[in-house]
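Residue strings, one per chain:
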Amino acid sequence: MTYTPKRWASLGLGAALLGTTSLTACGDRNEPVRAEAPVAAPAPAPASMAGEGGEGGTENGAMAGMADMQTLPVDKRIAFMSGHVAAGLALFRAGAPDQAARHLLHPVSETHAAERAGIDALGFDAAIFEKVSADLAAGKSAEEIAPELDAAEANIALMQQNANADPVGQIDFLMDTCIAEYKIGVAEGQIVEAGEFQDAYGFAVTARDIAKRLDTPEAQPLVMELELLVRMWPSKGPLAESIPAPVNEIAAQVSRVKLELSGLR
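Note that the structure is predicted; figures quoted are calculated from it, not measured. Per chain, residue numbering runs from 1 following the sequence as it is written. Note on the predicted model: pLDDT of at least 70 is required for a residue's local features to be given, and 80 or more for side-chain atom pairs to be given and counted; whole-chain, interface and lining totals, by contrast, use all residues. Each side-chain value is derived from all of the structure's non-hydrogen atoms; neither hydrogens nor water enter the calculation.

**Q** Got a minute to help me understand the overall build of the chain in this structure?
**A** The numbering of helices and of strands both runs from the N terminus, where a helix is a DSSP run of H or I of at least 4 residues and a strand a run of E of at least 2. On a plain count of helices and strands, the chain comes out with 10 helices and 2 strands. When the elements of the chain are put in sequence order from the N terminus, they spell out α-α-α-α-α-α-α-β-β-α-α-α. The buried label applies to any residue whose accessible area, calculated with a 1.4 Å probe on protein chains only, is under 20% of its type's maximum; exposed applies above 50%, and partly exposed to all values in between. Here the chain, with 265 residues, has 51% of them falling under the buried criterion. Any two residues whose heavy atoms approach within 4.5 Å at even a single point are treated as in contact. Nonlocal contacts in the chain, meaning residues at least 24 apart in sequence, comprise 75% of its contacts between residues at least 6 apart. Residue exposure ignores everything except the shown protein chains as possible cover, and the areas themselves are Shrake-Rupley values with a 1.4 Å probe. When the accessible surface of the chain is totalled, it reaches about 11,300 Å², and 54% of it is carbon and sulfur.

Shown next as structure tokens:
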């Protein structure tokens, strides 16, 4: 997958290109398309995910600058967990179960026990994620365990709904986490920590899905900017062998998301 930086001249053109999102264009930024310098080819994909932050490695370093997991409100902890699951599901469906494993095991990992405090009351079903874990270990394909993957998505959505969250606050948190993780995962045009590159994708997807549930005309520009952010990763998913978007492009798009978010406060 070759990443080609692009910025649509207006939300109207963006909506036309992103027809699958069924969004109505709102406003016109009249922003010219910017040419970017070529991006260097990525380093060879790692043989495993062990050196990419693992369970609690550089990921905890990124989180330390935002909030300690033990004091983070439950709705933001669910958003954080949701991002990992979103990344794992995308990787599993892209045919990379070895890369998906650390993300899909996140909800039931003992390393992240503090993250689960209080979420049982919101409908968390650990058995679903334990079953996905067993399927991963057994080498089953995404097609074989499609019902389990759908159940995992549904359980995450249920917890988000039951958390009675502040969606604007959740999205703001996810954007801070997304860019922090991306800056760890990508350097000098290469993926240096695939796990964090993938986490950042999951946080962008989760933020977009939360924004879609707002389902108001005022939220449509926000959904559009989040859709554009998600599409800065390869269409197949955030695979470790991808050519990444430049950090400054991701940061600029996160800033656009935050600008739209500020109008909804």
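There's plenty left to go through after this.
**Q** What am I meant to see in the packing of helix α3 (residues 74-93) against helix α4 (residues 97-104) here?
**A** Helix packing geometry: the angle between the two helix axes and the distance between the axes. Lines are fitted to the C-alpha atoms to define the axes, a helix being fitted only along its stretch in contact, and any angle between axes, read from their N-to-C directions, falls within 0 to 180 degrees. Two elements in contact, α3 and α4, have axes whose closest approach is 8 Å; the angle formed by their N-to-C orientations is 165 degrees. Taken as axis vectors, α3 and α4 run roughly antiparallel relative to one another. Taken as a pair, α3 and α4 cross one another with a handedness that is left-handed. Across the interface between the two elements, His84, Val85, Ala87, Gly88, Leu89, Leu91 and Phe92 of α3 pack against Pro97, Gln99, Ala100, His103 and Leu104 of α4. Under the convention adopted here, Pro, Cys and the residues Ala, Val, Leu, Ile, Met, Phe, Trp and Tyr are nonpolar, Asp, Glu, Lys and Arg are charged, and Gly plus all remaining residues are polar. Split by residue class, the contact of α3 with α4 holds 8 nonpolar, 4 polar and no charged. Comment on the angle field: the value is read as roughly parallel under 35 degrees, roughly antiparallel over 145, roughly perpendicular from 65 to 115, and oblique elsewhere. Crossings are assigned a handedness: left-handed for a near helix turned anticlockwise from the far helix by less than a right angle, right-handed for a clockwise turn.

**Q** What's the story with the packing of helix α5 (residues 126-137) against helix α6 (residues 146-162) in this structure? I'm lost.
**A** Axis separation between α5 and α6 bottoms out at 9 Å; the angle between their running directions is 150 degrees. Read as a crossing pair, α5 and α6 show a hand that is left-handed. Seen from α5, the contacting residues are Ile128, Phe129, Lys131, Val132 and Asp135; seen from α6, they are Glu148, Ala151, Ala152, Asn155 and Ile156.

**Q** Which parts of the structure should I look at to understand the nonpolar core?
**A** Side chains of nonpolar character tend, in soluble globular proteins, to be buried together. The nonpolar core is taken to be a set of buried Ala, Val, Leu, Ile, Met, Phe, Trp, Tyr and Cys residues, with the residues joined through side-chain atoms within 4.5 Å. Core analysis: the largest hydrophobic core is formed by 38 residues, its most contacted members being Ile171, Met175, Tyr182, Leu226, Leu229, Trp233 and Ile250. When residues of this core are traced back to their parent elements, those giving at least two are α3, α7 (167-185), α8 (194-214), α9 (220-230) and α10 (247-262). Apart from residues no more than four positions distant in its own chain, Trp233 is found in contact with Cys178, Tyr182, Phe197, Ala200, Tyr201, Ala204, Pro238 and Ile250. By size, the runner-up hydrophobic cluster in this structure holds 24 residues, among which are Leu91, Leu104, Ile128 and Phe129.

**Q** Could you clarify how one ought to interpret the pattern of salt bridges in this entry?
**A** Two side chains carrying opposite charge are able to pair once their charged atoms lie near each other. Salt bridges, as used here, are contacts in which a Lys or Arg side-chain nitrogen is within 4 Å of a carboxyl oxygen on Asp or Glu. Counted under the stated rule, the structure contains 12 salt bridges. For Lys258, the salt bridge identified is with Asp176, shortest N-O distance 3.0 Å. Here Asp176 lies in helix α7 and Lys258 lies in helix α10, a separation of 82 residues in the sequence. Overall, the relative accessible area of 27% leaves Lys258 in the partly exposed class.

Nothing here speaks to function; it is geometry throughout.
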